[in-house]
Amino acid sequence: VQLVESGGGLVQPGGSLRLSCAASGFTFSSYDMYWYRQAPGKERELVAGISSAGGSTNYADSVKGRFTISRNNAKNTASLQMNSLKPEDTALYYCNAKWAWYAYWGQGTQVTVSS
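Just so it is clear, the structure is predicted and the values come from calculations on it, not from any experiment. (Residues numbered from 1 in each chain as written. Predicted model: local features only at pLDDT ≥ 70, side-chain atom pairs only at ≥ 80, totals over all residues. Heavy atoms only, no water.)

*Asks:* Explain the state of the cysteines to me, and be specific about the residues and the numbers.
*Replies:* Per the stated rule, a full pass over the model turns up 1 disulfide. Disulfide pairing places cysteine 21 opposite cysteine 95 at an S-S distance of 2.0 Å. Disulfide cysteine 21-cysteine 95: the torsion about the S-S bond is -80 degrees, which places it as left-handed. Of the two residues, cysteine 21 is situated in strand 3 (residues 17-24) and cysteine 95 in strand 9 (residues 91-99); the sequence distance between them amounts to 74 residues. In this structure cysteine 21 comes out as buried when scored by relative accessible area, which is 0%. (Disulfide = S-S within 2.5 Å. Helix = DSSP H or I, 4+ residues; strand = E, 2+ residues; numbered from the N terminus. Buried < 20%, exposed > 50% of the residue type's maximum accessible area, 1.4 Å probe, protein only.)

Shown next as structure tokens:
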């Protein structure tokens, strides 16, 4: 089982980034997918989630209207489009897959929003 995040980097406030999560080793289309983030000195928090078929999404209040989660079950990928980025969005972003009692995590990709 593997989840590999990519797309992080350094961006100026107001900029955009698109994170991707490539999944392998499990039946991706059966799993709900989530993006979490963890800033230094803070607890990991849920950013966004999408149901297994992609019909339902949810977002943290802090990112609603700025971030969009999506998935492509044919390619076993999940994405997080992040627009209007703020310095407080700076964190290590993790991809997470959940189904029943199974849960898998990626290693994370760093997003830094700074001028």
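*Asks:* Can you explain the nonpolar core? Please cite residues and give values.
*Replies:* With 29 residues, the main nonpolar core has Met33, Trp35, Leu80, Met82 and Tyr93 as its most contacted residues. Going through the elements one at a time, strand 3, strand 4 (32-38), strand 5 (45-50), strand 7 (67-72), strand 8 (77-82), strand 9 and strand 11 (109-113) are the ones with two or more residues in this core. With sequence-adjacent residues up to four places away left out, leucine 80 is seen in contact with Leu17, Arg18, Leu19, Trp35, Val47, Ala48, Phe67, Thr68, Ile69 and Tyr93. (Core = buried A, V, L, I, M, F, W, Y, C linked by side-chain atoms within 4.5 Å. Contact = heavy atoms within 4.5 Å.)

*Asks:* Go over the pairing of strand 3, please, and point to the residues and values.
*Replies:* Residues Leu17, Leu19, Cys21 and Ala23 point to one face of strand 3 and are all buried, whereas Arg18, Ser20, Ala22 and Ser24, pointing to the other face, are not buried. By the bridge criterion, 6 bridges tie strand 3 to strand 8 in an arrangement that is antiparallel. Note that in strand 8 the partner of cysteine 21 across the bridge is alanine 78. (Pairing = 2+ DSSP bridges.)

*Asks:* A description of the pairing of strand 10 (residues 102-105) should follow, citing residues and the corresponding values.
*Replies:* Looking at chain direction, strand 9 and strand 10 are connected through 4 bridges and run antiparallel. What sits directly across from lysine 98, in strand 10, is alanine 103. Between strand 9 and strand 10, which pair antiparallel and follow one another directly, the connecting turn spans 2 residues, one of which, alanine 100, has a positive phi of 55 degrees.

*Asks:* If you had to explain a nonpolar patch on the surface to someone new, which residues and values would you point to?
*Replies:* Together, Trp99, Trp101 and Tyr102 line one region of the surface with nonpolar side chains, adding up to about 410 Å² of accessible area. Residue position: tryptophan 99 is located in strand 9. Under the relative-accessibility criterion, tryptophan 99 is labelled partly exposed at 41%. (Patch = residues over 30% accessible without salt bridge, like charges linked within 9 Å, V, L, I, M, F, W, Y side chains within 5 Å. Areas by Shrake-Rupley, 256 points an atom, 1.4 Å probe, with all protein chains shown as cover. Salt bridge = Lys/Arg side-chain N within 4 Å of Asp/Glu carboxyl O.)

*Asks:* Before we move on, could you go through unusual backbone geometry and cite the residues and values that matter?
*Replies:* One non-glycine residue, asparagine 76, adopts positive backbone phi at about 55 degrees. On the secondary structure map, asparagine 76 appears in the loop between strand 7 and strand 8. Unlike most non-glycine residues, alanine 100 shows phi in positive territory, near 55 degrees. For alanine 100, a relative accessible area of 60% corresponds to the exposed category.

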